[in-house]
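Now for the letters of each chain:
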Amino acid sequence: MAIARAIGSVYGKDAEAAFLPLWRRHIGFVVDYTVGAASSDRGKQDKAVGELVAYTQDFGAFLSAANPNLPKSVVADLVKHHVVTLKEVIDAQAAKDPARAWAATRTAAGHMQQIADPLAEAIVKQFPDRYRG
């Protein structure tokens, strides 16, 4: 997966190998939430939301351990905003509200830049000899 290879290109093969299962785990939680929404299973949805919120902490811890310039709480908060918006996309799709789904999708896509920018800045700060400008 390209995102894991990107992590590996900065932090090495061990980090790449550790990142991939973490990343895939959150995708499974999103699928679980989607199945819960599609089947009107509130319990499944609530469980998936709890797992996604916990994932934000795990993701924050992973990046913070790799880069001291990325505080766990800041990373977790950025990812949590993204996760909540993904939930809004799924809820809008389940409600058959394409306008709301589109708006939430655009917001969720924008979060990627809000996560990527601080990550890139922290990597450059951590490895100034490797990345210039």
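Before any of the text, the structure's been laid out above.
Residues numbered from 1 in each chain as written. Predicted model: local features only at pLDDT ≥ 70, side-chain atom pairs only at ≥ 80, totals over all residues. Heavy atoms only, no water.

**With respect to unusual backbone geometry**
Okay, so step 1: Even without a glycine there, the phi angle at S40 is positive, about 55°.
Okay, so step 2: Mapped onto the secondary structure, S40 falls in the loop between α2 (13–38) and α3 (42–66).
Okay, so step 3: Overall, S40 belongs to the exposed group, its relative accessible area being 65%.
Okay, so step 4: The phi dihedral of K96 falls on the positive side, at around 55°, and the residue is not glycine. (Helix = DSSP H or I, 4+ residues; strand = E, 2+ residues; numbered from the N terminus. Buried < 20%, exposed > 50% of the residue type's maximum accessible area, 1.4 Å probe, protein only.)

**Remarks on helix α4 (residues 72–94)**
Okay, so step 1: Over its 23 residues, α4 extends 33 Å from the first C-alpha to the last, a length consistent with the 33 Å expected when each residue adds 1.5 Å.
Okay, so step 2: Residues V75, A76, V79, H82, V83, T85, V89, I90 and A92 constitute the buried set of α4.
Okay, so step 3: On the buried face of α4, the contacting elements are α2, α3 and α5 (98–126).
Okay, so step 4: Looking at the residues trailing α4, positive phi occurs at K96, about 55°. (Expected span 1.5 Å × (residues − 1). Contact = heavy atoms within 4.5 Å.)

**Concerning a nonpolar patch on the surface**
Okay, so step 1: On the surface, a cluster of nonpolar side chains totalling about 380 Å² of accessible area is made up of M1, I3, I27, V31 and V35.
Okay, so step 2: Sort the elements by how many residues they give to the nonpolar patch and α2 lands first, with 3 residues.
Okay, so step 3: Position of I27 among the secondary structure elements: in helix α2.
Okay, so step 4: A relative accessible area of 36% means that I27 is categorised as partly exposed. (Patch = residues over 30% accessible without salt bridge, like charges linked within 9 Å, V, L, I, M, F, W, Y side chains within 5 Å. Areas by Shrake-Rupley, 256 points an atom, 1.4 Å probe, with all protein chains shown as cover. Salt bridge = Lys/Arg side-chain N within 4 Å of Asp/Glu carboxyl O.)

**Quick word on the pattern of salt bridges**
Okay, so step 1: The final tally for this structure, using the stated rule, is 6 salt bridges.
Okay, so step 2: With its nearest N and O atoms 2.4 Å apart, the salt bridge here joins R25 to D58. Linking R25 in helix α2 with D58 in helix α3, this pair joins segments that are 33 residues apart in sequence.
Okay, so step 3: Exposure remark for D58: the relative accessible area of 34% places this residue in the partly exposed category.
Okay, so step 4: Two residues, R42 and D46, come together in a salt bridge whose shortest N-O distance is 3.5 Å. You can see R42 and its partner D46 sitting in helix α3, 4 residues apart, about one turn around the helix.

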